[in-house]
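What follows is the residue order along each chain.
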Amino acid sequence: MFLVKNNKSSFYQIVYFVDGKRTTHSTKKTTQSEAVQYLEEFKKSLANPSGAVSSITEKTCSKNTFTLSKFKEEYLEYAKPVKSEKYLDSISYSFKYFITYAGDIPLDRIEARTVDKFINLTFTRTQRGAHLYYRTLKAALNKAVEWNYISVNPFTKVKFPKLSKTFPVFISEDELLIILANTQYQHLKDIFTVAFYTGLRLGELVNMRWHWVDFIQNQLTVKCSDEFQTKSKKERIVPMSDKVRAILFKRFNSVLHNSAEVVFYNRRGKLLYQESISKQFKKIIRKSNLSDKIHFHTLRHSFASILVQKGVSLYVVKELLGHEDLATTQIYSHLQKQNLKDAVNLL
């Protein structure tokens, strides 16, 4: 249950779900603070159906009883319609580990000192994990401030430790051939190859439909739909190389299908799952005696890395990968070796 305000009304609306159906109720309030108070009264009225929503009084849900776990449930409900399943999982994990450390305490009792100790302790075990928890919880408690549950976000008072920067791992075409030689099933060989030569994310590959594929223009359009949203919530076009076109054309002609059907499926004709493919890829990497640092996402890094090494500009790579910010693509800048050599030769 959460509050929203849109252009259709000057009043804040309460959004909640009844038997899985999204329902709205007007607060008749134009200010957020009054709407938040109304929301608390409305919750009480639902818990006690015999009583109507009373006029707003100073008697609201006590901050001292609104705990982390309660806020987590409300925040997840708010985020569910607009966030990906992966991000929702990040929210759940972040709250879980913070509650395990700090206890299920009221929101207004979270101190910056507690946050600082939690982040630093987690950072000693996993830098990336600590960063995930920090940014996810910080975003969540920013919303708690907006909803007037707390006046200040304690995470904004904590400076996150500096992350060590490492170059992304990538593989060569020869290493891809080794991986394919140790891959038993054709559908996996096709997915690995298309990932390497398009830079598509695993989620995009398993959700690819035939109407994404244009054999005339020789391009893929990564599309958003009710069933699937890209990470950036934006569509993008990726040209097909001859290798990718040949693989997709062969799959296209192998069976009868309609444009809404997925391109990749397992040998029994069933839908594929990201986690399963990731695990199978990892097993093949170990079977191939390649670096254990190689993961499925390495195929995407490899696509970008090879392009940069061949002189493709970072801006073009950014568009192909679907990055929102060029700063994200800058992780490949060290591969512009000729630019570095030209710079030194100026001395």
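**Thoughts on the overall build of the protein**
Okay, so step 1: Per the secondary structure count, the protein includes 14 helices and six strands.
Okay, so step 2: Counting only C-alpha atoms, the protein reaches 70 × 60 × 40 Å along its principal axes.
Okay, so step 3: Residues counted as buried form 41% of the 347 residues belonging to the protein.
Okay, so step 4: Put simply, of all contacts in the protein between residues at least 6 apart along the chain, 56% involve residues at least 24 apart.
Okay, so step 5: With the model as given, the accessible surface of the protein reaches about 20,300 Å², and the carbon-plus-sulfur share is 52%.
Okay, so step 6: Side chains of the protein give 54 positive and 32 negative charges; the mean places of these two sets differ by 4 Å.

**A word on the side chain of Asn207**
Okay, so step 1: Turning to its location among the elements, Asn207 is positioned in the loop between helix H8 (202-206) and strand E4 (213-214).
Okay, so step 2: At 2.7 Å, the side chain of Asn207 forms a polar contact with the backbone oxygen of Gly203.
Okay, so step 3: In this view, Asn207 contacts Trp212 and Phe228; residues no more than four positions away in its chain are not counted.

**Overview of the sheet that holds strand E5 (residues 219-222)**
Okay, so step 1: One open sheet accounts for three strands, arranged E4-E5-E6; its pairing is antiparallel. This sheet does not close on itself; its edge strands, each paired only once, are E4 and strand E6 (236-239).
Okay, so step 2: Here E5 runs beside E6; their pairing, made up of four bridges, is antiparallel. Bridging across to E6, Leu220 finds its partner in Val238.

**So, helix H12 (residues 314-321)**
An α-helix turns once per 3.6 residues; consequently, residues spaced three or four apart project the same way.
Okay, so step 1: Every buried residue of H12 is accounted for by Leu314, Val317, Lys318, Leu320 and Leu321. Along H12, the residues classed as buried sweep out an arc of 165 degrees about the axis, all on the same side.
Okay, so step 2: Those residues of H12 hidden inside the fold are in contact with E6, helix H11 (297-309) and helix H13 (326-329).
Okay, so step 3: Two residues or fewer after H12 comes Gly322, characterised by a positive phi angle close to 80 degrees.

**Topic: the environment of Asn142**
Okay, so step 1: Inspection of the secondary structure puts Asn142 in helix H5 (residues 127-146).
Okay, so step 2: In this structure Asn142 comes out as partly exposed when scored by relative accessible area, which is 33%.
Okay, so step 3: Spatially, the C-alpha atoms of Asn142 and Thr156 are 8.8 Å apart, while their sequence positions differ by 14 residues.
Okay, so step 4: In contact with Asn142, not counting residues within four places along its chain, are Asn153 and Thr156.

**Thoughts on the packing of aromatic side chains**
Okay, so step 1: Evaluation of the coordinates by the stated rule reveals 25 aromatic pairs.
Okay, so step 2: Ring geometry for Phe192 against Phe281: centres 5.0 Å apart, planes inclined by 80 degrees, an arrangement best described as edge-to-face. With Phe192 in helix H7 (residues 186-198) and Phe281 in helix H10 (residues 274-287), this residue pair connects regions lying 89 residues apart in the sequence.
Okay, so step 3: Overall, Phe281 belongs to the buried group, its relative accessible area being 0%.
Okay, so step 4: Ring geometry for Trp210 versus Phe252: centroids 5.2 Å apart, planes at 75 degrees, classification edge-to-face. Linking Trp210 in the loop between H8 and E4 with Phe252 in helix H9 (residues 242-254), this pair joins segments that are 42 residues apart in sequence.
Okay, so step 5: The partly exposed category is assigned to Phe252, whose relative accessible area is 32%.
Okay, so step 6: Taken together, Tyr97, Phe98, Tyr101, Phe118, Phe123, Tyr133, Tyr134, Phe155 and Phe160 form an aromatic cluster joined through their ring pairs.
Okay, so step 7: Arg245 extends its terminal NZ or CZ atom over the ring of Phe249, reaching a point 5.5 Å from the ring centre.
Okay, so step 8: Positioned above the aromatic ring of Tyr265, the side-chain terminus of Arg251 is 5.1 Å from the ring centre.

**Some details on the nonpolar core**
Okay, so step 1: Counting residues in hydrophobic clusters, the biggest one holds 43 residues, and the most contacted among them are Phe71 and Leu107.
Okay, so step 2: Of all the secondary-structure elements, those providing two or more residues to this core are strand E1 (2-4), strand E2 (13-18), helix H1 (32-47), helix H2 (68-79), helix H3 (85-102), helix H4 (112-125) and H5.
Okay, so step 3: Considering every element that reaches this core, the biggest residue donor is H5, with seven residues.
Okay, so step 4: Once residues within four sequence positions are removed from consideration, Phe71 is found in contact with Phe66, Phe95, Leu107, Ala140, Leu141, Ala144, Trp147 and Tyr149.

**Quick word on unusual backbone geometry**
Okay, so step 1: The backbone of Asn148 sits at a positive phi, close to 65 degrees, despite the residue not being glycine.
Okay, so step 2: In this fold, Asn148 is placed in the loop between H5 and helix H6 (173-181).
Okay, so step 3: Phi at Asn289 takes a positive value of approximately 55 degrees, unusual for a residue other than glycine.
Okay, so step 4: Structurally, the position occupied by Asn289 is in the loop between H10 and H11.
Okay, so step 5: Residue Asn289 is classed as exposed on the basis of its relative accessible area, which comes to 69%.

Parameters at a glance
Residues numbered from 1 in each chain as written. Predicted model: local features only at pLDDT ≥ 70, side-chain atom pairs only at ≥ 80, totals over all residues. Heavy atoms only, no water. Helix = DSSP H or I, 4+ residues; strand = E, 2+ residues; numbered from the N terminus. Buried < 20%, exposed > 50% of the residue type's maximum accessible area, 1.4 Å probe, protein only. Contact = heavy atoms within 4.5 Å. Areas by Shrake-Rupley, 256 points an atom, 1.4 Å probe, with all protein chains shown as cover. Lys, Arg positive; Asp, Glu negative; His and termini not counted. Charge placed at Lys NZ, Arg CZ, Asp CG, Glu CD. Polar contact = N/O pair within 3.5 Å; in protein donor to acceptor, adjacent residues only side chain to side chain. Pairing = 2+ DSSP bridges. Arc of directions from axis to C-beta. Phe/Tyr/Trp six-rings, centres within 6.5 Å; stacked < 30°, edge-to-face > 60°. Lys NZ or Arg CZ within 6 Å of the ring centre and 35° of its normal. Core = buried A, V, L, I, M, F, W, Y, C linked by side-chain atoms within 4.5 Å.

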